[in-house]
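Breakdown of the fold
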Amino acid sequence: GGTMDRGDRRGIRLGEINIHPLRDGLFRLDGGAMFGIVPRVLWEKECQPDERNRILLGINPVLVEAGRDLILVDTGIGDRWDERLSSIYGMDRQVTLLDSLSSLGVEPSDITIVVNTHLHFDHAGGNLKEKGGLLSPTFPRARYVVQKVEWEDALHPNERTKGSYREEDFLPLKESGHLELITGDLEIARGVRLLRVSGHTRGTQVVLIESGGRKALFLSDVIPTTRHLRYPYIAAYDLYPLETLKAKKEILKRASEEGWLLIFEHDPHPTMGYVEVKDETLQFRPLEG
């Protein structure tokens, strides 16, 4: 792709790596499901539910420029939805992922790596595009990197998980040769590491970016929004909540000690910032601008 003129794009610079927040619209999920065991009387103070008890969430993938690679982390909810489901999930796609990329001067064919943090429909829904009834990779020159256990769990869902997965979001990637299954942690480009964190699903992976002595962490659904920073605020969607809890404590401790920039995927607007853990209190400081 000849569109790679980095002069136009002001992302968040971390040493030699650039991070660009992206948007794929908004949707709504049940507030109780998003906050698990936390009673509504506590969470509704910060998160006003609508008349159907749903709260507003953003879908915020990121673009990472690292060396020669253009890495897209998650592909959003995509546009292969009928009206019934669009309405159930209260989808608002005035700004799509492809719009976001386009405003940075990036074409789908410029992306070299797609990371699916996991294969739920709001993270992998934009993997494939439909034309004349045929599905093909939205990012034709990219390898799509997925944890092997996530792939297996997505292909063999149970009664509890099958509402979260749609085979047509990922199965065709195998046939087209775009899929790369990995096991455990992997550095996919200099300074960009995938770390498997079981909790939300067995095979969820987060993205740790490290350059110029600084670190940033894309949290996927381990901590979906800033409102989920408190330890017990864990979604009922998490299959292994105690593992989520353990991972959260570890991440927030290190993020506080080492000044990591945290990147949240589901705040209604792309949100990044820093945490300070002091004794039992946790303070969040958003990144300005």
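Analysis parameters
Residue numbering note: each chain is counted from 1, following its sequence as written. For this predicted model, a pLDDT threshold of at least 70 governs which residues receive local features, and a threshold of 80 or more governs which side-chain atom pairs are given and counted, while totals over whole chains, interfaces and linings are taken from all residues. In computing side-chain properties, one takes all heavy atoms of the structure into account and sets aside hydrogens as well as water. In this text, helices come from DSSP runs of H or I with a minimum length of four residues, and strands from runs of E with a minimum of two, each type numbered from the N-terminal end. Between the two quantities, the radius of gyration covers C-alpha atoms and the globule rule is 2.2 Å times the number of residues to the power 0.38. Summary of the burial criterion: residues with accessible area below 20% of their type's maximum are buried, those above 50% are exposed, and those between are partly exposed, where the area comes from a 1.4 Å probe applied to protein chains only. For two strands to count as paired, DSSP must find a minimum of two bridges between them. Throughout this description, the term salt bridge denotes a Lys or Arg side-chain nitrogen within 4 Å of a carboxyl oxygen of Asp or Glu. Confidence of the predictor at the level of single residues is captured by pLDDT, which takes values from 0 to 100. Whether two residues are in contact is decided by their heavy atoms, any of which lying within 4.5 Å being enough. Here a polar contact is taken to be a pair of N or O atoms separated by no more than 3.5 Å, where protein atoms must pair a possible hydrogen donor with a possible acceptor and residues adjacent in sequence count only if both atoms sit in side chains. Pairing of aromatic side chains here covers Phe, Tyr and the six-membered ring of Trp, requires ring centres within 6.5 Å, and sorts the geometry by plane angle: under 30 degrees stacked, over 60 edge-to-face, intermediate tilted. Comment: the charge-over-ring label is applied if NZ (Lys) or CZ (Arg) is within 6 Å of the ring centre and within 35 degrees of the ring normal. In this analysis an axis means a line fitted to C-alpha atoms, helices contributing only their contacting stretch, and an angle means the value between N-to-C directions, from 0 to 180 degrees.

Some details on the overall build of the protein
- The helix and strand inventory of the protein stands at 8 helices and 18 strands.
- Since a compact globule built from 289 residues should have a radius of gyration of about 19 Å, the 18 Å found for the protein is in line with a globular shape.
- Overall, the C-alpha framework of the protein stretches about 50 × 45 × 35 Å when taken along its three principal axes.
- Counting only residues that meet the buried cut, the protein has 52% of its 289 residues in that class.

Section: the pairing of strand S2 (residues 17-21)
- S2 sits mainly inside the fold: 4 of its 5 residues count as buried.
- In this sheet, S2 lies alongside strand S1 (residues 12-14) in antiparallel orientation, the contact comprising 3 bridges. Pairing of Leu14 across the sheet is with Ile17, part of S2.
- Linking S1 to S2, which pair antiparallel, is a turn of 2 residues; within it Gly15 sits at a positive phi near 60°.
- For S2 and strand S5 (residues 62-66), the ladder comprises 4 bridges, and the chain directions are antiparallel. In the sheet register, Ile19 faces S5, and the bridge partner there is Val64.

Points about the pairing of strand S13 (residues 192-196)
- Where strand S12 (residues 186-189) lies against S13, 3 bridges are found, and the strand directions are antiparallel. Note that in S13 the partner of Ala189 across the bridge is Val192.
- A loop of 2 residues connects S12 with S13, the two strands running antiparallel in sequence, and Gly191 in this loop sits at a positive phi of about 85°.
- Both S13 and strand S14 (residues 205-211) contribute to a ladder of 5 bridges, which runs antiparallel. Paired with Leu195 across the bridge in S14 is Val206.

A word on the pattern of salt bridges
- By the definition in use, this model includes 15 salt bridges.
- Two residues, Glu44 and Arg40, come together in a salt bridge whose shortest N-O distance is 2.8 Å.
- With relative accessibility at 24%, the residue Glu44 sits in the partly exposed group.
- Classification of Arg40 by relative accessible area gives partly exposed; the value is 38%.
- Here Arg254 and Glu258 are joined by a salt bridge, their closest N and O atoms 3.3 Å apart.

Notes on the confidence of the model for the protein
- Confidence along the protein averages 95 in pLDDT terms, with 97% of residues attaining 70 or more.
- Across residues 1-7, where pLDDT falls below 50, the model places 11 contacts with residues more than four positions away in sequence or in other chains.

With respect to the side chain of His118
- In this structure, His118 sits in the loop between strand S7 (113-115) and helix H5 (121-124).
- Exposure remark for His118: the relative accessible area of 0% places this residue in the buried category.
- Here Thr117 takes part through its side chain, which lies 3.1 Å from a polar atom of the side chain of His118.
- When near neighbours in sequence (up to four residues on either side) are disregarded, His118 contacts Asp74, His123, Ala124, Glu150, His200, Thr201, Thr204, Ser220 and Asp221.

Describing the environment of Leu181
- Topologically, Leu181 is positioned in strand S11 (residues 179-182).
- A relative accessible area of 32% means that Leu181 is categorised as partly exposed.
- Each residue touching Leu181, except ones within four places of it in the same chain, is listed here: Val146, Gln147, Lys148 and Trp151.

Concerning the packing of aromatic side chains
- By the definition in use, this model includes 8 aromatic pairs.
- Ring geometry for Phe35 versus Tyr233: centroids 5.8 Å apart, planes at 80°, classification edge-to-face. Of this pair, Phe35 sits in helix H1 (residues 31-35) while Tyr233 sits in the loop between strand S15 (214-218) and helix H8 (241-258), and the two are 198 residues apart along the sequence.
- Residue classification places Tyr233 among the buried positions, given a relative accessible area of 8%.
- Between Tyr165 and Phe170, the aromatic rings sit 6.4 Å apart at their centres with planes inclined by 90°, giving edge-to-face as the arrangement.
- These aromatic residues form a ring-pair network of at least three members: Phe35, Trp43 and Tyr233.
- In this structure, Arg166 is placed above the aromatic ring of Trp81, and the distance from its NZ or CZ to the ring centre is 3.8 Å.
- One residue, Lys249, lies across the ring of Tyr231, its end atom 5.7 Å from the ring centre.

So, the sheet that holds S7
- The sheet built from 7 strands is open, its strands ordered S1-S2-S5-S6-S7-S10-S11 with mixed pairing. The sheet is open, and its two edges are formed by S1 and S11, each paired on a single side. Shown here is a sheet whose adjacent strand axes are inclined to one another by a mean of 25°, direction ignored.
- The pairing of S7 with strand S10 (residues 143-147) spans 3 bridges and is classified as parallel. Bridged to Val114 within S10 is Tyr144.
- Most of the contacts of helix H6 (residues 148-155) go to S10, to which it runs at about 85°, and overall it touches S10 and S11.

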